[in-house]
Amino acid sequence: RDEKERLGVKDDLKLSINAVKTLEARYLLKDEEGKIIETPGQMFRRVAIHVGIVELLYDYMKFQKKGIVAENGKKIPVSGIIPTQMEVLKRAFTHLVNEEQLTGTFEEFMNFVQTKPTTAMDTIDKYEQIMRNLEYVPNSPTMMNAGARLGQLSACFVLPVPDSIEDIFDALKYQAMIHKSGGGTGFSFSRLRAKDDLVGSTKGVASGPVSFMKIFDITTDVIKQGGKRRGANMGILKFDHPDIMDFIMSKDSENTILSNFNISVGMTDEFFEKLDADDYIELRNPRTGKTVNRIKARTMWETIINKAWQTADPGLIFLDEINKRNPVKNIADIEATNPCGEQPLLPYESCNLGSINLSKFVKDGEVDYERLREVIRLSTRFLDDVVDANKFPVDKIEEMTRKTRKIGLGYMGFADMLLMLGIPYNSGAALEMGEKVMSFLQEESHMESERLAEERFVFPGWYGSTYQEQGIKMRNSTTTTIAPTGTISIIANCSSSIEPLFALAFVRHVLNGQELMEINRHFENALKNKNIFSEDLMHEVARTGNLHEIDVDPEIKKVFVTAHEIDPEWHVLMQATFQRYCDSGVSKTINLPSDASPDDIAKAYRLAKDLHCKGITVYRDQSKVQQVLYSGTKS
Ligand code: UDP
């Protein structure tokens, strides 16, 4: 309590201390002097209203389409709509009129609001409730920016990098604007001509993708100072680009070069065919399409694996798999993903994410699917409203995002759920559980998007999409994504994404030289239930973070496994299981112990490809000098 007050936060939701610290730093609104002016509960209210206010437009749409009035609804006093909310309504109204989903003037709409009851208030209250309960949390920019000046609500963006100086520097400018608002950017650099290729206008030579990436990296560093949070980037280069070997080897284990980038090699099936046939890859000049060099596929593969072993980069993205499942091929092919790889996007597309906290849905040792269904439906609707409530940093991004209305609903707290059910992460039962909850999410969110299409309109890019071919009307071209939930899982105090626990107990070094023991609450409960909890045991566990070498109740030992004890194969299997029922991608780090071999990494990469994942990233413990999370104190 004292510490929360010291931070200036009135915690009306009884959050964890780490959650309060996180909210204090960048989420809760502050006045000119930097004093916090809202409670966490008020923050969720602010978000619910600035997103849910667009429900007014959809009630108006229903009225225009079918003459339906929400007789049981409430009337919203127009005088109660504050300027930031009015701004959201005006912007969204204009777009919906331009897209021919609404007609008439804004004054006519306001007249409707003044005279007819609507469902908006009810929906806003429900949005607020699922967030206050920590059952659902939207991605960080939504909480930071809703109702604030930037108003930018999405986490993920992909920007194209065409092969001209003017276009490259446009992309840089857009990147800066996105990072300022807390969004992350992904780029494919595959269209840039190779190093030493000709520059027509000056008769000079080109410097190539890797040197251009350095400018994007520096922009990130500079904007970091004033932005909402550390900007992150994904850099992708296709396997047949002439500079591919420079790209693969571009990062270092000290993480001093391109430190704001994750990098991935863009793979297609052709690469693996060549690898299996022990054949050569022809490297093609993207400007002319001509082959300029060739390299053994095996040599490239081994270099990728060795670098990933040393530095955790590069990962792979599987472009054929991604495009096979791209529902809007009619608009464009996908060449890139967002920084953490979970969100493949078209050039200039953005996506807003949100995650459901599974640990809140275990009741008496069972999953409460009824409540889960309600929360999935509400949060799908919430995310669709975000598309309209959003203030986009660049016009082209607005246009593309509104065309596809991509949203990404996912999960966090999956490991907590398994622990509460007594299921070890590395087991067939865990895979079955993953399959059950993810297929449920996919089905229910699709059904909700279909209902929304019925109520509202199909997404504008639906005409010509695979959904039109199948005769399925959808409001959103995708509905599901498994995000890393790095920050929002701290806010919700649950395990992140679908990852296993990293450590059962660890010692956190706090500023004044003090040490603070943090113990996973499910672990603590389980030990206390068996009457085997003790301080001594906790100190012993905190040395490594796991129970590997500790003599303790075998049942507990089996269930409470941590990331490094889990065979990489289980990590990949879990990723592939969730991917089967996911429209977009799955954020997953395949954690390996520090003594893992390059061959272990090769196996994981290959398995991910064979199991139809959309991408893969590995992380060998201690392979980077500046590691954020250590398990235990023994490091
Ligand atoms: N992201 C970013 N900078 C960060 C963290 C995240 O740009 O410091 C972006 C990035 O696109 C990432 C996405 O946000 O893939 C989702 O990350 P996460 O789920 O961890 O975000 P959260 O909503 O928990 O803050």
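Residues numbered from 1 in each chain as written. Predicted model: local features only at pLDDT ≥ 70, side-chain atom pairs only at ≥ 80, totals over all residues. Heavy atoms only, no water.

A word on the nonpolar core
At step 1: Ranked by size, the top nonpolar core spans 92 residues in total, and within it L89, F109, I356, Y411, F414 and F578 carry the most contacts.
At step 2: In terms of residue count, helix α15 (residues 369–389) provides more of this core than any other element does, nine residues in total.
At step 3: Ranked by size, the runner-up nonpolar core spans 81 residues in total, among them F189, L192, M474 and I616. (Core = buried A, V, L, I, M, F, W, Y, C linked by side-chain atoms within 4.5 Å. Buried < 20%, exposed > 50% of the residue type's maximum accessible area, 1.4 Å probe, protein only. Helix = DSSP H or I, 4+ residues; strand = E, 2+ residues; numbered from the N terminus.)

A few points about the packing of helix α4 (residues 55–66) against helix α6 (residues 106–115)
At step 1: The interhelical angle for the contact between α4 and α6, taken along N-to-C directions, is 95 degrees, at an axis separation of 10 Å. Classed by the angle they form, the pair α4 and α6 counts as roughly perpendicular. Judged by residue contacts, L56, L57, D59, Y60 and F63 of α4 engage E108, F109, F112 and V113 from α6.
At step 2: For the contact of α4 with α6, the residue count by class is seven nonpolar, no polar and two charged. (Axes fitted to C-alpha atoms, helices over the stretch in contact; angles between N-to-C directions. Parallel < 35°, antiparallel > 145°, perpendicular 65-115°, else oblique. Contact = heavy atoms within 4.5 Å. Nonpolar A, V, L, I, M, F, W, Y, C, P; charged D, E, K, R; others polar.)

Some words on the domain arrangement of the chain
At step 1: By domain assignment, the chain separates into domain 1 (1–35), domain 2 (39–132), domain 3 (156–324) and domain 4 (505–561).
At step 2: When each unit is reduced to the centre of its C-alpha atoms, the spacing between domain 2 and domain 3 is 43 Å. (Domains from an automatic or database assignment.)

Points about the state of the cysteines
At step 1: Scanning the model with the defined rule gives zero disulfides in all.
At step 2: Here C340 stays unpaired: no disulfide links it, and the sulfur of C156, its closest cysteine neighbor, is 7.9 Å away.
At step 3: The cysteine C494 is free of any disulfide, with C340 supplying the nearest cysteine sulfur at 16 Å.
At step 4: When its relative accessible area of 10% is taken as the criterion, C494 is described as buried. (Disulfide = S-S within 2.5 Å.)

A closer look at helix α13 (residues 297–311)
At step 1: Helix length check: α13 (15 residues) gives 21 Å between terminal C-alpha atoms against 21 Å at 1.5 Å per residue, within 8%.
At step 2: The set of residues buried in α13 consists of A297, M300, W301, T303, I304, I305, K307, A308 and T311. (Expected span 1.5 Å × (residues − 1).)

Here we look at unusual backbone geometry
At step 1: Residue P314 follows D313 across a cis peptide bond; omega there is 0 degrees.
At step 2: Within the secondary structure layout, P314 lies in the loop between α13 and β10 (315–318).
At step 3: You will see that N493, though not glycine, has its phi angle at about 55 degrees, which is positive.
At step 4: For N493, the position within the fold is in the loop between α20 (488–491) and β17 (505–509).
At step 5: At S497, a position not held by glycine, the phi torsion is positive, near 50 degrees.
At step 6: Tracing the backbone through its elements, the reader meets S497 in the loop between α20 and β17.

So, the site of the ligand
At step 1: If you check the shell around the ligand, you find 19 residues, and the closest are S140, R229, N338, T485 and G486.
At step 2: About the coverage of the ligand: the protein hides 91% of its 520 Å² of free accessible area.
At step 3: When its residues are assigned to classes, the shell around the ligand shows eight nonpolar, eight polar and three charged. (Near = heavy atom within 4 Å. Areas by Shrake-Rupley, 256 points an atom, 1.4 Å probe, with all protein chains shown as cover.)

Things to note about the packing of aromatic side chains
At step 1: For the structure on display, the rule yields 25 aromatic pairs.
At step 2: Both rings, one in F106 and one in F109, keep their centres 5.6 Å apart while their planes meet at 55 degrees; by these two values the pair is tilted. On the criterion of helical spacing, the pair formed by F106 and F109 is a turn pair, its members being three residues apart in helix α6. Neither F106 nor F109 differs from the other in exposure class; each is buried. (Phe/Tyr/Trp six-rings, centres within 6.5 Å; stacked < 30°, edge-to-face > 60°.)

Examining the pattern of salt bridges
At step 1: Enumeration according to the criterion identifies 48 salt bridges in this entry.
At step 2: Among the salt bridges present, the one from R456 reaches D385, with a minimum N-O distance of 3.0 Å. Taken together, the positions of R456 in the loop between α18 (428–455) and α19 (466–470) and D385 in helix α15 put the pair 71 residues apart, joining distant regions of the chain. No difference in accessibility class separates R456 from D385, as the two residues are buried.
At step 3: Between R402 and D388 there is a salt bridge, with the nearest N and O atoms lying 3.0 Å from each other. Within this pair, whereas R402 is found in helix α16 (residues 395–404), its partner D388 is found in helix α15, the two being separated by 14 residues in sequence.
At step 4: Given a relative accessible area of 3%, R402 falls into the buried group. (Salt bridge = Lys/Arg side-chain N within 4 Å of Asp/Glu carboxyl O.)

Remarks on the pairing of strand β7 (residues 261–267)
At step 1: Summarising burial for β7: six of the seven residues are buried, a large majority.
At step 2: One ladder, built from six bridges, connects strand β6 (residues 233–238) with β7; its direction is parallel. Looking at β7, one finds that N233 is bridged to F261. (Pairing = 2+ DSSP bridges.)

Side note on the side chain of T479
At step 1: Following the sequence through the fold, T479 ends up in the loop between α19 and α20.
At step 2: T479 gets classed as buried once you look at its relative accessible area, which sits at 0%.
At step 3: Non-local contacts of T479, meaning those with residues more than four positions away in its chain, are made with I407, G408, L409, Q442, S445, H446, S449, M474 and D583.

A look at the environment of S355
At step 1: Tracing the sequence through the fold places S355 in strand β13 (residues 350–357).
At step 2: Each C-alpha atom, one on S355 and one on I488, is 8.3 Å from the other, the two residues being 133 residues apart in sequence.
At step 3: Residue contacts for S355: discarding those within four places in its chain leaves E135, Y136, V137, G410, Y411, M412, A483, T485 and I488.

Re the pairing of strand β9 (residues 291–296)
At step 1: Pairing between strand β8 (residues 280–284) and β9: five bridges, direction antiparallel. When the bridges of β9 are listed, Y280 appears paired with K296.
At step 2: Taking the residues between adjacent antiparallel strands as the criterion, β8 and β9 are bridged by six residues, where G289 takes a positive phi near 80 degrees.

Describing the side chain of K274
At step 1: Along the chain, the position of K274 falls in helix α12 (residues 269–276).
At step 2: K274 sits in the buried class, given a relative accessible area of 18%.
At step 3: Other than its neighbours up to four places away in sequence, K274 contacts D279, Y280, I281 and A297.

Structural notes on the environment of K406
At step 1: By the secondary structure assignment, K406 is in the loop between α16 and β16 (407–412).
At step 2: Each C-alpha atom of the pair K406 and G41 lies 28 Å from the other, and the pair is 365 residues apart in sequence.
At step 3: Look past the residues within four positions of K406 in its chain and what remains in contact with it is I334, Q343, P344, L345, E349, S350, C351, N352, T401, S477 and T478.
At step 4: A polar contact of 3.5 Å, which involves the side chain of K406, links it to the backbone oxygen of P344. (Polar contact = N/O pair within 3.5 Å; in protein donor to acceptor, adjacent residues only side chain to side chain.)

Re helix α25 (residues 598–610)
At step 1: Across its 13 residues, α25 extends 18 Å between first and last C-alpha, which sits within 8% of the 18 Å expected from 1.5 Å per residue.
At step 2: Next to the buried residues of α25 lie α12, α13, β10, α24 (568–580), β19 (589–592) and β20 (615–620).
At step 3: Downstream of α25 by one or two residues, H612 has phi in the positive range, about 65 degrees.

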